Amino acid sequence: MNKKIVSALYKKEITDILRDKKTILMMIVVPLILYPLLFLGSFVLFSSIVSASTSKSYTIALNSVNDTEGMKQYFKDNEKEFKYTFIFKDPEEGMKDSDMLDAGSIDAYVVESVSDNHPYFEIAYRASENDSQTAAGMVEKMLGRYRDELRSEAFADQGLDEKMIMNPIGFCLKDYSSNEENVGFLMGYILPFLLIVSILMGALYPAIDTTAGEKERGTLETLLTLPVNNMELITAKFFAVSTIAVAAAILNLLSMGLMTAFVADSMNMVSSEMKIDLASFLPAIAITFVCIIVFALFASAVSLCSCIMAKSFKEAQNLTTPIMLIFLIGGMAGMIPSLELTEKTALIPVVNIALLIASIFKFHFDLSIIAIVLFSNVAYSALAVVIMTRMFSSEDILFADSAASFRIIEKRSDIKKGQIPGMGDLVLLFAILLLGLLFLGSIFASKFGLWGIIMEQLMFLVITVFYAWYIKVDFRKLFHIRGFGIKALIGSIFSWAGIYVILMLLSSLLVVFFPETADNSAIVELWGDNPLWLIILSSALAPAICEEVMFRGFMLGTLENRYSAAKAVIITGILFGAYHMSLNGLILIGILGIVQSYIANRQQCIFLTMITHFINNLLAVLSARYEEAFTKALPFLSGEDLPASTVAVMALSGVAMLSLGVGLINNNKNRRQSSRESG
Amino acid sequence: MKIETDKLCKQFTRHVNDVNDRNGRKNSHKEDFFAVDHVSMHADSGEILGVLGPNGAGKTTLLRMLGTLMHPSEGSVYIRDDEGNTVTDPVVLKKNIGYLSGNTKLYNRFSIREMLSMLAEIYGMDKDATDKRIEEIIDILSMKDFADNRIGALSTGQTQRANIARCLIHSPKVYIFDEPTLGLDLLSSEAIVNFMKSEREHGRTVLYSTHYMEEAQYLCDRINMLYKGRIIADGTPEELMKQTGTSNLRETFRALINRTEGGNE
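Since this is a predicted model, take the numbers as computed values, not measurements.

Novice: Could you give an account of the pairing of strand β4 (residues 47-52) of chain B, naming the residues involved and the relevant values?
Specialist: The side chains of a regular strand alternate between the sheet's two faces. Residue and element names in this part refer to chain B. Among the 6 residues that make up β4, 5 are buried, leaving the element largely enclosed by the rest of the structure. Direction of pairing for β4 relative to strand β9 (residues 205-209): parallel, over a ladder of 5 bridges. Within β9, the residue paired with Glu47 across the bridge is Thr205.

Novice: I'd love a proper account of the interface of chain A and chain B, names of residues and values included.
Specialist: In this complex, chain A contributes 21 residues to the contact, which on the side of chain B involves 23 residues. Elements with a minimum of two residues in the side of chain A that touches chain B: α1 (3-18) and α9 (220-224) of chain A. If you tally residues by element for the side of chain A that touches chain B, the top one is α1 of chain A, at 6 residues.

Novice: Requested: an account of the nonpolar core, with residues and values cited.
Specialist: Residues Ile199 of chain A together with Leu207 of chain B are the most contacted members of the largest nonpolar core, which totals 143 residues. Leaving out residues up to four positions away in the same chain, Leu207 of chain B has contacts with Ile3, Ala43, Leu49, Val51, Leu63, Leu66, Tyr175 and Ile176 of chain B. Counting 53 residues, the second largest nonpolar core, distinct from the first, contains Ala488, Trp496, Ala542 and Val549 of chain A.

Novice: Give me the lowdown on helix α23 (residues 606-625) of chain A, citing residues and values where you can.
Specialist: In this model α23 of chain A runs 28 Å from its N-terminal to its C-terminal C-alpha over 20 residues, within 8% of the 28 Å that 1.5 Å per residue would give. All of the buried residues along α23 of chain A are Ile606, Leu608, Thr609, Met610, Thr612, His613 and Asn616 of chain A.

Novice: Give me the lowdown on the sheet that holds β4 of chain B, citing residues and values where you can.
Specialist: Pairing between the strands of a sheet comes from backbone hydrogen bonds, and it takes one of two forms, parallel or antiparallel. Residues and elements named next belong to chain B. Ordered in space as β7-β8-β9-β4-β10-β11, the 6 strands form an open sheet in which the pairing is mixed. The strands lining the two open edges of the sheet, one partner per strand, are β7 (97-101) and β11 (230-235). Neighbouring strand axes in the sheet, compared pairwise and without regard to direction, differ in orientation by 15 degrees on average. As paired elements, β4 and strand β10 (residues 222-227) share 4 bridges and run parallel to each other. By the bridge assignment, Val51 is partnered in β10 with Asn224. Most of the contacts of helix α5 (residues 156-168) go to β7, to which it runs at about 155 degrees, and overall it touches β7 and β8 (174-178).

Novice: Describe the sheet that holds strand β2 (residues 84-88) of chain A, listing the residues and the values that go with them.
Specialist: Residue and element names in this part refer to chain A. Spatially, 4 strands are ordered β2-β1-β3-β4 in an open sheet, and the strand pairing comes out mixed. Pairing within the sheet leaves two strands with one partner each, and these edge strands are β2 and β4 (118-125). Across the sheet, the axes of successive neighbouring strands diverge by a mean angle of 30 degrees, strand direction being ignored. Of the pairings in the sheet, the one linking strand β3 (residues 108-115) to β4 comprises 8 bridges and is antiparallel in character. Counted as the bridge partner of Tyr109 is Ala124 from β4. Contacting β1 (56-63) and β2, helix α3 (residues 68-78) runs over the sheet at an angle of about 160 degrees to β1.

Novice: Can you break down the confidence of the model for chain B residue by residue, with the values?
Specialist: The predicted coordinates of low-pLDDT regions are not to be read in fine detail. Considering every residue of chain B, the mean pLDDT works out to 86; 93% of them sit at 70 or more. In the predicted complex, the global pTM is 0.67; the interface-specific ipTM is 0.88.

The rules behind the values
- Residues numbered from 1 in each chain as written.
- Chains lettered and ligands numbered in written order.
- Predicted model: local features only at pLDDT ≥ 70, side-chain atom pairs only at ≥ 80, totals over all residues.
- Buried ≥ 20, exposed ≤ 12 C-beta atoms within 10 Å, placed from the backbone.
- Helix = DSSP H or I, 4+ residues; strand = E, 2+ residues; numbered from the N terminus.
- Pairing = 2+ DSSP bridges.
- Contact = placed C-beta atoms within 7 Å.
- Core = buried A, V, L, I, M, F, W, Y, C linked by C-beta atoms within 7 Å.
- Expected span 1.5 Å × (residues − 1).
- Axes fitted to C-alpha atoms, helices over the stretch in contact; angles between N-to-C directions.
- pLDDT = per-residue confidence, 0-100.

Structure below.
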């Protein structure tokens, strides 16, 4: 990579972007003018409401059982403290109080009734009218004061100590958090969202302009005539977009910060006891600044990645809509109280930045987690840049008409029947499912236990099938819906059993290297005292159906159409492993997923893999539930301290079963095909 | 400096919709085809080589590969200098090639002068040489009046001159022009034709494709006729007319295609 060329290209991109009026509008005018206007507008509105509602008079009707005039006098005597005036209006001839309220000539009316010698006041008002609502509140307070006075008199008459009877103990809340901590908490609540949105907005527009815009204006081919390689081109574009995104974010921040300070100052919020030591926020602000830069890299990389596939501005805007949604949802992570920044959440893009900014403004500094967040964002960006260089050299993207890979954006009536989803559809669906897993999954499980797991699985199933229905897929082809013979079934079970035994050995090896992989106490704890049938339903049957539909159906079906069978099978398997979100899962379940995908691919039948998936999970449930009995009956399955001979026998039988199974599957397939051709 | 190709191929994939099968399912299958099919050709210095052919013959794909904008599926493109050394590195090739087509639009938000100095920086030229070269080009193409206007505000003819300026900035040895006169008026296309002629006088290599047969007949030293991705004829306009017994290039074109179609069937 030639630095001089990159810098020349970078200069060109920045000039090009900055000379675009629309970008300037989005970047400078919006934050510098719109935010102040919004703040000032709401400030003016608020103060006008406040001033309008002081010293206002309300018209009410009042009917007491025996002393209407006395009540009115009481109201008049006490109204000064409330800064309101009451005007009393008597009902006109032939008009009831309710009619006057309906007609709007009074704001509320008060009627007293007596039952069991207990006076009872009814305050009639209309909640839909501002004045009526305020008037009713006023009357309520007034009557409350009247009641308290009567009560004090009654206590005095009886010669009792009112305070000791009414308030035998006293208590109060005392907040020990400092003003800084309170402000930090509030900042952590809103700042991540605002920052993420403004960075994304800052990145999206230039990203579209430098990719799809360049294609639309026809300068891309010109650019390709220059002695520049893809890496230089993408790097320059990437840094130019990131620069603009950082600039936009900082402009937004400054504008918001200045306005907040101005409003706070003019509202006299900064009194001596509310004094805030701004210096204590310096570390948080410094880290936030680093976050802005790192996240701008990420947002630019992601937006460039999707825009690069578009051939026009309009298409780019369509392609970036899902990204915008994901960023918006992820940006709200800081507002979800149960979501904490852990080593796991620190790896989730967007969410990790939101949580990090929220946590540092609450003065929680965990250096290792901060490092994970920053590093993972840089790593994701680098990955995206590498993917882009690959994509950019793809002539499909450069010269072909379009890469219309998101079918869901089209109107359903425009979609032809019998589709196979595009790569964009696959990515979008699994992004939605991943967000569901991260946000709803834990909530479901903690609220509804095992039923929550079933609900979550069903939700995934419904989303997947709905998506497929919407884009009118060829259900039979995509989801591999086909009957199967007994030979195929036996072959599948043998293949699964073979790999299961091999994985048992592998897992006992893994335990040696990664001790934490053996820990499945969390799921066992969740099972608790639930009946066995419910555990089997939630942990074996539901995943067997839902995960197979997601992975061996939608994912494998989409990939098969795009890549060679081998590639499709391996990618599906690895992603299936990654979906289980543990190191153990990535390796062991990944391998299992590859075998499952192989079966589904060769036989084009999802029911076979549902069966093997069910057997697999059932075995896991039973072995965890009846651990002792299991270890006794089948000691070799425990995987601990096995003699070398047992290991050898297991490995051999595993390989034998696997090859027998694979043989059966392929043999069966061939027979089926030939019989079809001849018939 | 010569530009040559050796068994150059470009394969594309097209989707073909099948007739419904017995189950009534609609399917499509992919089919590979050669847009450029084992083309070996050469263009020499001081020569204007015309690449002619009907729409879909593969002209643009061939020229894009020659300009290294596209990667060949098979075969190679290289330039050979006067000592006979060959280079295939795309970056070196691009430094020696000026490429112009209907699709190479300019950056509307830059002025001609700004664009040229930006390009010069990417070509790795030093500051003094750049300034000198820019003035030279502005002079040659008589663009003094509008050299500092934004390109977006220029007329079509002025834009076309700016486009030529773009190809000239790095003083290339080889020019590749894909339908450079398409849709231009008489004066503008004359300017381009004159430019190609003057570059030939300077010993440059010019490769050019067009649909205007009269222009090709008058301008080209040699013609390569491309049809269905293959070169079906190679020679001077006179030779080709003699071969087919025709009196102008328009008829030659038709006769050559008919001959090939007939030969195939």
